[in-house]
Amino acid sequence: MRAIMQNEWDGPEAVRLVEVPEPHPDPTEVKVRVHAAAVNPVDYYTSRGLAYNRVLALPFIHGWDVAGVVEEVGYGVTRFRVGDRVFGMPRFPRQAGGYAEFVTAPSRHLATIPTGLSFTEAAALPLAGLTAWQMLVDVAGTAPGQRVLVSTAAGGVGYLAVQIAKSLGAYVIGTARAAKHDFVRSLGADEVVDYTTTPVHEAVGGVDVVIQMFGGAAGREALNCLRPNGILVSAQAAWTPGLFERASELNVHAYDYLVEPDATGMQSIAELVASQRLHVHVTTTYPLDEAAQALKAIGDGRTTGKIVLTV
């Protein structure tokens, strides 16, 4: 089969389209013919050796987000049959090998694609959707009527977090560049703040939950947006020195967070899509053999919505 492989952690320039043997499912796994695979910022940073490379080994087949059709079912699997349309984020942060024509995955790392959702749209959901869902629901416990601040609200996670928070009954404030304000409002955001002209912690205060997608000083200053005992969930806590100490000083709570494969969360996301409360926005698609260009595009950090490889 064709796959996108990296033999050195030297960035997108080091990825290559190669031929490798097709995988076969072990017990409790399924084999999926991949129709689409999403490109995430973590893919770009992994290519440069800057993400979760301690649990990865070269040569490495890129990709975690996949959507496709079950082609083979391993012993003990009862959730799926051959021909089922599925999507998911297998094995993260360990190698899944999603940038390929076939992938094997534990059956409980996958969910059924909602009726009417294309493979391209489905592939754009798992990692970003689970990140938003788990941060808002599992960690923060977002409740109706709460005020939620979503950073980088036009990005791959942010635009889904806005919609999920609204589905939970929250009042949502998003941050984005001025050119993306209309897009963020179209997602349901009640307010939008231009973080390039105004320090967010000076414009927003008294919120119950902050969904923080970047680190550094701005990530730490976001704690000032919270009410006493409010909750900040950071996807970049490891890159935010002093976060927990500052949270203690301010009498608020900060949590570090990393997304995990979760079929139950995937099913909840699928139900939001089926009920028209969550919409997928794919900005650009690339063929598999242009994976390097797709990684460079996501690495620029200006993407609205998602980039997806069509396999």
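Residues numbered from 1 in each chain as written. Predicted model: local features only at pLDDT ≥ 70, side-chain atom pairs only at ≥ 80, totals over all residues. Heavy atoms only, no water.

## Let's talk about the pattern of salt bridges
- With the rule as written, the count across this model stands at 8 salt bridges.
- Across the salt bridge formed by Arg227 and Asp208, the nearest N and O atoms sit 2.5 Å from each other. Residue Arg227 is located in strand β13 (residues 226-234), and its partner Asp208 is located in strand β12 (residues 207-212); the two are separated by 19 residues in the primary sequence.
- Taking relative accessible area as the criterion, Asp208 reaches 13% and is therefore assigned buried. (Salt bridge = Lys/Arg side-chain N within 4 Å of Asp/Glu carboxyl O. Helix = DSSP H or I, 4+ residues; strand = E, 2+ residues; numbered from the N terminus. Buried < 20%, exposed > 50% of the residue type's maximum accessible area, 1.4 Å probe, protein only.)

## Here we look at the UniProt feature "domain: Enoyl reductase (ER)" (unreviewed entry) in the chain
- Under the UniProt annotation, "domain: Enoyl reductase (ER)" (unreviewed entry) lies at residues 11-309.
- When the span residues 11-309 is considered, its composition is 27% helix and 26% strand, and the gap between its end C-alpha atoms is 18 Å. (UniProt positions renumbered as here; feature names shortened; annotations may be inferred.)

## Focus: unusual backbone geometry
- Between Leu58 and the following residue, Pro59, the backbone shows a cis peptide bond with an omega angle of -5°.
- Relative to the helices and strands, Pro59 is located in the loop between α1 (41-47) and β4 (60-61).
- A cis amide bond links Phe92 with the next residue in sequence, Pro93, at an omega value of 5°.
- In this structure, Pro93 sits in the loop between β6 (85-88) and β7 (102-106).
- Notably, Thr152 is not glycine yet its phi reads approximately 40°, a positive angle.
- Looking at the element boundaries, Thr152 is found in the loop between β9 (147-150) and α4 (158-167).
- The phi dihedral of Asn229 falls on the positive side, at around 70°, and the residue is not glycine.

## Observations concerning the sheet that holds strand β10 (residues 171-175)
- Pairing in this open sheet of 6 strands is parallel, and the strands run β11-β10-β9-β12-β13-β14 from one edge to the other. Looking at which strands have only one partner, the edges of the open sheet turn out to be β11 (191-193) and β14 (253-256). Along the sheet, successive strands turn relative to each other by an average axial angle of 15°, direction set aside.
- Here β10 runs beside β11; their pairing, made up of 3 bridges, is parallel. By the bridge assignment for β11, Ile173 is matched with Glu191.
- Where helix α8 (residues 243-250) meets the sheet, its contacts fall on β13 and β14, and the angle it forms with β14 comes to roughly 160°. (Pairing = 2+ DSSP bridges. Axes fitted to C-alpha atoms, helices over the stretch in contact; angles between N-to-C directions. Contact = heavy atoms within 4.5 Å.)

## So, the packing of helix α3 (residues 126-139) against α4
- Two elements in contact, α3 and α4, have axes separated by 9 Å at closest approach and are oriented at 45°. In terms of axis orientation, α3 runs oblique to α4. For the crossing formed where α3 meets α4, the hand is right-handed. From α3, Ala128, Gly129, Ala132, Trp133 and Leu136 reach across to α4, where they touch Leu160, Ala161, Ile164 and Ala165. (Parallel < 35°, antiparallel > 145°, perpendicular 65-115°, else oblique. Left-handed = near helix turned anticlockwise from the far one by under 90°.)

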